[in-house]
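Given next are the chains, with one letter for each unit.
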Amino acid sequence: RKEVEQDPGPFNVPEGATVAFNCTYSNSASQSFFWYRQDCRKEPKLLMSVYSSGNEDGRFTAQLNRASQYISLLIRDSKLSDSATYLCVVNKAAGNKLTFGGGTRVLVKP
Amino acid sequence: GAGVSQTPSNKVTEKGKYVELRCDPISGHTALYWYRQSLGQGPEFLIYFQGTGAADDSGLPNDRFFAVRPEGSVSTLKIQRTERGDSAVYLCASSLREYNEQFFGPGTRLTVL
């Protein structure tokens, strides 16, 4: 079983709609959680950190459920430019070794 | 300011050859990381340096892979006796210190024929 699992998608989303997807992680010792965005043939870039209380950054909302060991990302009012692969990332307390999920592909269409 | 840079951007080699991939981190960043990303998958951790020393090399797949950072800045990932399964994008990242945000370079796309 992979440490971080994601639905690969693609999620086909009409422009302006809301899309949400989760990832699950297996290591209960994980301490830090992130969503990264990766465009085709580009490097990953940090989208947002995920906090236990949940957090919002503009149209993006992230939630963490430690009891069930899953993280979610919700995108409101989807833009064409939101089309990308979203990588769920966890980090254990010791060291700064990021563990990535396989990514969820989102395609926003007019 | 300048981001993380990696050279070459593309490398095609033959099975059994030796390759070196270079990473220039953001100036002043003390931590440097190497990841490998195969097609359709997320990046996988290889090794990270804090300063000149390898703090964690648990992700290196075998002894054909080796990385150095002799002066605590530029790093080189070295792969001996390359195999077709080594084909991937090799990503380098740096952070100001351990536990800070990691900034990724554009990667080196390695193809082993």
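Higher on the page you've got the structure.
Residues numbered from 1 in each chain as written. Chains lettered and ligands numbered in written order. Predicted model: local features only at pLDDT ≥ 70, side-chain atom pairs only at ≥ 80, totals over all residues. Heavy atoms only, no water.

J.: When you look at the overall build of chain B in this model, what are you seeing that I'm missing?
T.: When helices and strands are counted, chain B shows 0 helices and 11 strands. Order of helices (α) and strands (β) in chain B, N terminus to C terminus: β-β-β-β-β-β-β-β-β-β-β. For 113 residues, the compact-globule estimate of 2.2 N^0.38 gives 13 Å, and the C-alpha radius of gyration of chain B, at 13 Å, lies within 12% of that figure. Each of the three principal axes of chain B carries a C-alpha extent, and together these read 35 × 25 × 25 Å. Residue pairs at least 24 apart in sequence account for 55% of intrachain contacts in chain B once pairs closer than 6 positions are excluded. Here chain B has roughly 5500 Å² of accessible surface; of this, 47% comes from carbon and sulfur atoms. Charge-centre separation for chain B: the mean point of 12 positive side chains lies 7 Å from the mean point of 12 negative side chains. (Helix = DSSP H or I, 4+ residues; strand = E, 2+ residues; numbered from the N terminus. Rg over C-alpha atoms; globule rule 2.2 N^0.38 Å. Contact = heavy atoms within 4.5 Å. Areas by Shrake-Rupley, 256 points an atom, 1.4 Å probe, with all protein chains shown as cover. Lys, Arg positive; Asp, Glu negative; His and termini not counted. Charge placed at Lys NZ, Arg CZ, Asp CG, Glu CD.)

J.: Would you explain the sheet that holds strand β7 (residues 60–65) of chain A in this entry?
T.: All names here are of chain A. A sheet is described by the order of its strands in space; here 5 strands give the open sequence β1-β3-β8-β7-β6, paired in antiparallel fashion. The strands lining the two open edges of the sheet, one partner per strand, are β1 (4–6) and β6 (55–57). Neighbour-to-neighbour, the strand axes of the sheet open up by a mean angle of 20°, direction not taken into account. Examined bridge by bridge, β1 and strand β3 (residues 19–25) share 3 bridges and lie antiparallel to one another. (Pairing = 2+ DSSP bridges. Axes fitted to C-alpha atoms, helices over the stretch in contact; angles between N-to-C directions.)

J.: Any chance you could explain the interface of chain B and chain A here in plain terms?
T.: It is common to give the size of an interface as the accessible area that goes away when the parts come together. Taken residue by residue, the interface counts 22 residues in chain B and 16 residues in chain A. The tally of links between chain B and chain A comes to 0 salt bridges. Where chain B meets chain A, there are 5 residue pairs in polar contact (both at pLDDT 80 or more). When contributions to the side of chain B that touches chain A are tallied by element, the ones reaching two or more residues are β4 (31–37), β5 (44–50) and β9 (88–95) of chain B. Considered class by class, the residues forming the side of chain B that touches chain A number 9 nonpolar, 9 polar and 4 charged. (Salt bridge = Lys/Arg side-chain N within 4 Å of Asp/Glu carboxyl O. Polar contact = N/O pair within 3.5 Å; in protein donor to acceptor, adjacent residues only side chain to side chain. Nonpolar A, V, L, I, M, F, W, Y, C, P; charged D, E, K, R; others polar.)

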